[in-house]
Amino acid sequence: MSRIGRLPVEIPDGVEVKVENNVVTAKGPKGTESVTVRPEIEVKVEGKEIILTRKSDDRKSRSLHGLSRTLVHNIVLGVKDGFEKKLEIQGVGYRAQMQGNSINLQLGYSHPIVIEPPEGIKIAVEANTKITITGSNKQAVGDIAALIRSKRPPEVYKGKGVRYEGEFVRRKAGKAGKK
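Residues numbered from 1 in each chain as written. Predicted model: local features only at pLDDT ≥ 70, side-chain atom pairs only at ≥ 80, totals over all residues. Heavy atoms only, no water.

1. Thoughts on the overall build of the chain
So, point 1. Each helix and strand counted, the chain has two helices and 13 strands in total.
So, point 2. What you see for the chain is a C-alpha radius of gyration of 21 Å, clearly larger than the 16 Å of a compact globule of 179 residues, by over 25%.
So, point 3. A burial count over the chain gives 35% of its 179 residues as buried.
So, point 4. Restricting to contacts in the chain with at least 6 residues of sequence separation, those with at least 24 account for 50%.
So, point 5. Carbon and sulfur atoms provide 48% of the accessible area of the chain, an area that totals close to 11,100 Å².
So, point 6. Charged side chains in the chain number 33 positive and 21 negative. The centres of these two groups are separated by 12 Å. (Helix = DSSP H or I, 4+ residues; strand = E, 2+ residues; numbered from the N terminus. Rg over C-alpha atoms; globule rule 2.2 N^0.38 Å. Buried < 20%, exposed > 50% of the residue type's maximum accessible area, 1.4 Å probe, protein only. Contact = heavy atoms within 4.5 Å. Areas by Shrake-Rupley, 256 points an atom, 1.4 Å probe, with all protein chains shown as cover. Lys, Arg positive; Asp, Glu negative; His and termini not counted. Charge placed at Lys NZ, Arg CZ, Asp CG, Glu CD.)

Structure representation (structure tokens):
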């Protein structure tokens, strides 16, 4: 049995969970999220716990068991506390600023890069070089963070670019000069 799939999902106080036709909907202080669970997995709410069991023991069901439990767990956590990703910008002249709801990035190109976040995602900029992305959907938060990072990933010679907070970039030595 899946080690992750067999664990029940705790429903914290302030979160309301409904299950209809394998669609799990969680409503909490940070908003409403829902996930469709595959028909191979059965979802039940018992008291303050969500229990996911698989209907058969075939390979497909086994592989979906842990995934389904994690997706349900993430929506419950998302509507309760939310998710957050932090990015850092390093490099001379590289900066970010907010323009209304969208973020304007100056990353050494001849043009500014403007990124409009999807609904439910909030972006904040602190000190022109720190970006905080928050939201109740873990996948959407990670996607926007990855999109911003992909505009100028950290390079290995000078370390310039956009990186996740605390990300280690292994530096390379430059070209050796003649002696």
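2. Topic: helix H2 (residues 138-150)
So, point 1. For H2, built from 13 residues, the straight-helix expectation of 18 Å at 1.5 Å per residue is met to within 8% by its first-to-last C-alpha distance of 18 Å.
So, point 2. Along H2, the residues that are buried comprise Ala140, Val141, Gly142, Ile144, Ala145 and Ile148.
So, point 3. Those residues of H2 hidden inside the fold are in contact with strand E7 (83-90), strand E9 (102-106), strand E10 (113-115), strand E11 (121-126), strand E12 (130-135) and strand E13 (161-164).
So, point 4. Its side-chain oxygen 3.1 Å from the backbone nitrogen of Gln139, Asn137 forms the N-cap of H2. (Expected span 1.5 Å × (residues − 1). Polar contact = N/O pair within 3.5 Å; in protein donor to acceptor, adjacent residues only side chain to side chain.)

3. Description of unusual backbone geometry
So, point 1. Positive phi is not limited to glycine here, since Asn22 has a value of about 65 degrees.
So, point 2. For Asn22, the location among the structural elements is in the loop between strand E2 (16-20) and strand E3 (23-28).
So, point 3. Here Asn22 falls in the buried class, since its relative accessible area comes to 17%.
So, point 4. A positive phi angle, near 55 degrees, is found at Ala127, a position not held by glycine.

Note that every value here comes from positions in space, so none of it alone points to a role or purpose.
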